[in-house]
Amino acid sequence: MNRFFILLTLLLLLACRSQVAGSVPPTITPPAPPTNTAVAQTDSQPTPPDAAVSTPVSPTDSVTNAISFPNANSYEWKLIASGLNRPVDIQSANDGSGKMFIIEKYGVIRVFENGQLLESPFP
């Protein structure tokens, strides 16, 4: 009985091996590399608008259909800090101090605290 079991196992292994040897491995096609379109980078500073139009908007106004950007002329704009080099983001410290972190394009993080821009950047 033991010999029969060993013979049956060998036949089964040979049958499986012949199927694996005869099969063709799948062809894996790598995805196409992404194409990047070049965007011109400029180091020029943005110019402020000639005349700021101030139209206050009530915070209780509800938005029913937001399919476009808000009109920038509908807000009051005022300069709060100068001497920044290409600011790209501003984030609150969220600790109740009123401190703001201003991120510049080239990786420097500036700190705006108590109404003034600190001389030294964030460590």
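Just above, that's the structure.
For the structure given in this document, a descriptive report is provided here.

About the cut-offs
- Residues numbered from 1 in each chain as written.
- Predicted model: local features only at pLDDT ≥ 70, side-chain atom pairs only at ≥ 80, totals over all residues.
- Heavy atoms only, no water.
- Helix = DSSP H or I, 4+ residues; strand = E, 2+ residues; numbered from the N terminus.
- Buried < 20%, exposed > 50% of the residue type's maximum accessible area, 1.4 Å probe, protein only.
- Areas by Shrake-Rupley, 256 points an atom, 1.4 Å probe, with all protein chains shown as cover.
- Pairing = 2+ DSSP bridges.
- Patch = residues over 30% accessible without salt bridge, like charges linked within 9 Å, V, L, I, M, F, W, Y side chains within 5 Å.
- Salt bridge = Lys/Arg side-chain N within 4 Å of Asp/Glu carboxyl O.
- Contact = heavy atoms within 4.5 Å.
- Phe/Tyr/Trp six-rings, centres within 6.5 Å; stacked < 30°, edge-to-face > 60°.
- Polar contact = N/O pair within 3.5 Å; in protein donor to acceptor, adjacent residues only side chain to side chain.

Let's talk about the overall build of the protein
Next up, step 1: Each helix and strand in the protein was counted, giving 1 helix and 4 strands.
Next up, step 2: Per-residue burial over the protein gives 8% buried out of 123 residues.
Next up, step 3: Of the roughly 11,500 Å² of accessible surface on the protein, a fraction of 61% belongs to carbon and sulfur atoms.

Observations concerning the sheet that holds strand 2 (residues 100-104)
Next up, step 1: In space, the 4 strands of this open sheet follow the order 1-2-3-4, with antiparallel pairing throughout. With partners counted over all chains shown, the strands left at the sheet margins are strand 1 (87-92) and strand 4 (116-117), one partner each.
Next up, step 2: As defined by bridge partners, strand 3 (residues 109-113) adjoins strand 4 across 2 bridges and the pair is classed as antiparallel. Residue pairing in the sheet places Phe 112 in a bridge with Leu 117 of strand 4.

Thoughts on a nonpolar patch on the surface
Next up, step 1: A grouping of Phe 5, Ile 6, Leu 10 and Leu 13 is seen on the molecular surface, where their side chains present a nonpolar patch of about 430 Å² in accessible area.
Next up, step 2: With respect to the helices and strands, the residue Leu 13 is situated in helix 1 (residues 2-22).

Here we look at the environment of Leu 118
Next up, step 1: Relative to the assigned elements, Leu 118 resides in the segment after strand 4.
Next up, step 2: Note on Leu 118: relative accessible area 28%, which makes it partly exposed.
Next up, step 3: Excluding residues within four positions of it along the chain, Leu 118 makes contact with Arg 110, Val 111 and Glu 113.

Some remarks on the packing of aromatic side chains
Next up, step 1: Evaluated as defined, the whole model comprises 1 aromatic pair.
Next up, step 2: Here Phe 101 and Phe 122 contribute two aromatic rings whose centre-to-centre distance is 5.1 Å and whose plane-to-plane angle is 75°, an arrangement assigned as edge-to-face. With a gap of 21 residues between them, Phe 101 in strand 2 and Phe 122 in the segment after strand 4 connect regions that are remote in the sequence.

Some points on the side chain of Arg 110
Next up, step 1: Mapped onto the fold, Arg 110 is located in strand 3.
Next up, step 2: Only 3.2 Å separates the side chain of Arg 110 from the backbone oxygen of Leu 118, close enough to count as a polar contact.
Next up, step 3: The residues contacting Arg 110, other than those within four sequence positions of it, are Gly 83, Leu 84, Met 100, Phe 101, Ile 102, Glu 104, Leu 117, Leu 118, Glu 119 and Pro 121.

Quick notes on the side chain of Glu 104
Next up, step 1: Assignment of secondary structure puts Glu 104 in strand 2.
Next up, step 2: Note on Glu 104: relative accessible area 7%, which makes it buried.
Next up, step 3: Here Asn 85 takes part through its backbone nitrogen, which lies 2.8 Å from a polar atom of the side chain of Glu 104.

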